[in-house]
Amino acid sequence: MEDKELHLVDHLEELRKRIIITVVAFAVFFIAAFIYVDDIYKWFVGDQKLQVLGPSDIMWIYFMLATVVAVAATIPVLALQIWLFVKPALRPNEQRITLSYVPALFFLFISGLAFGYFVIYPMVLDFLVNMGQGMFVTNFTAERYFSFIMNMTLPFGVLFELPVVVMFLTSLGIINPFVLSKIRKYAYFVLIIIAVVITPPDFMSDFVVTLPLLLLYEVSINLSKFVYRKRLKKLQEEELVEA
C-alpha cells in the first residue's frame with residue numbers, strides 16, 4: 001500500500017514538474033510576443049485604421065494577440081512535456097514513434113490557423129460586408145475585428161491536430177481504427193455541424209469548410225490503421241522473443 005502511495009506521489013511530482021515547465025515556457029513566449037505586439041498588430045491590420053471604444057480596449061487587444069502567439073509557440077513544449085511524462089510507460093520503439101508527433105502537432109496547428117486566416121476568414125468577411133452594402137457604414141472596432149479573426153482561425157488550428165492526436169492515442173493503444181470507423185457517421189455529423197455554424201449561410205461556404213474536415217477524419221482513420229498494424233506487428237515480435 002505504501003509503495004503504491006509513493007508511486008502516486010512520484011507521478012504527481014513529475015506531472016507538477018511538466019506543468020511548471022509548460023507554464024514558464026508560455027510566460028516567456030508571452031513576454032516575447034508582447035514586446036513585438038506592434039509588429040504583430042500591423043501584420044494583421046495593414047494600413048487600415050480600426051476604432052477603439054476605450055483605452056482599455058488597446059490593452060485587451062495587445063494581450064489577446066500576445067496570448068495567441070504564445071499559445072501557438074507553447075504547443076510543441078506542451079507536447080514534449082506530455083511525451084516525457086508518458087515516456088517511462090512506453091517501449092523503446094513507441095518512444096521513438098511518439099516523439100516524432102511533437103513537431104507535427106505544431107506544424108498542423110499552424111496549418112489550421114493559416115487555413116482559417118487565408119481561406120475561411122476572407123470568405124466569411126466578404127460575405128458579411130457585402131450583405132450589408134448600401135445599408136450600413138462598416139466601421140470595425142479593433143476588439144470585434146480581432147475577436148472575429150480568432151473565431152475564424154483558432155477552431156481550425158485545433159481541428160487540424162486531429163490526425164496526430166489519433167496517431168498518438170493509437171500508438172498508446174487507447175483507441176484503434178475500428179472504433180473510429182464505427183463512429184464515422186457521428187463524427188461526420190459533428191464536423192458538418194461545426195462547419196455550418198462557423199461559415200456564412202450558403203452552400204459553397206459550407207462545402208469549402210466541410211470537405212477538409214471530413215478529409216481530416218478519413219486521413220486520421222488511415223493513419224490510425226497504419227500505426228495500429230505496426231503496433232500489433234511489434235507486439236507479436238516481442239511475444240516471440242520472450243517465448
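Our subject is the structure listed above.
1. Some details on a positive patch on the surface
Positive charge collects at one region of the surface, where Arg96, Lys230, Lys233 and Lys234 lie side by side. Tallying contributions element by element places helix H10 (residues 203–242) first for the positive patch, with 3 residues. Along the chain, Lys233 falls in helix H10.

2. Description of the environment of Pro212
Among the structural elements, Pro212 can be located in helix H10. Spatially, the C-alpha atom of Pro212 lies 9.8 Å from that of Phe115, the residues being 97 residues apart in sequence. Contacts of Pro212, omitting those with residues within four sequence positions, involve Phe115 and Phe207.

3. Description of the packing of helix H2 (residues 37–45) against helix H6 (residues 142–159)
For the pair H2 and H6, interaxial distance at closest approach is 12 Å and the crossing angle is 80°. Of the possible angle classes, the one that applies to H2 and H6 is roughly perpendicular. Side by side, H2 and H6 meet where Tyr41, Phe44 and Val45 of the first sit next to Tyr145, Phe146 and Ile149 of the second. Split into classes, the residues belonging to the contact of H2 with H6 amount to 6 nonpolar, no polar and no charged.

What counts, and where the lines are drawn
- Throughout this description, residue numbers start from 1 for each chain and increase along the sequence as written.
- Residue-level local features of this predicted model are given only where pLDDT is at least 70; pairs of side-chain atoms are given and counted only at 80 or more, and the full residue set underlies all totals for whole chains, interfaces and linings.
- To get the side-chain values, take all heavy atoms of the structure and skip hydrogens and water.
- Residues form patches when they are more than 30% accessible in relative terms and have no salt bridge. Like charges link within 9 Å. Nonpolar side chains (Val, Leu, Ile, Met, Phe, Trp, Tyr) link within 5 Å.
- Method for areas: the Shrake-Rupley scheme with a 1.4 Å probe, in which residue coverage is limited to the protein chains shown.
- By salt bridge we mean one thing: a side-chain nitrogen of Lys or Arg within 4 Å of a carboxyl oxygen of Asp or Glu.
- Positive charges come from Lys and Arg, negative ones from Asp and Glu, while His and the chain ends are left out of the count.
- Charged side chains are reduced to one point each, which is NZ for Lys, CZ for Arg, CG for Asp and CD for Glu.
- Put simply, DSSP H or I for four residues or longer makes a helix, DSSP E for two residues or longer makes a strand, and each gets a number counted from the N terminus.
- Residue contacts are counted whenever heavy atoms from the two residues lie within 4.5 Å of one another.
- Inter-axis angles, ranging from 0 to 180 degrees, are taken between N-to-C directions of lines fitted to C-alpha atoms, where helices are fitted over the stretch in contact.
- Put simply, angles under 35 degrees are roughly parallel, angles over 145 are roughly antiparallel, angles from 65 to 115 are roughly perpendicular, and the rest are oblique.
- Residues are grouped as follows: Ala, Val, Leu, Ile, Met, Phe, Trp, Tyr, Cys and Pro are nonpolar; Asp, Glu, Lys and Arg are charged; all remaining types, including Gly, are polar.

Take it as geometry only, folks, not as evidence of what the structure does.
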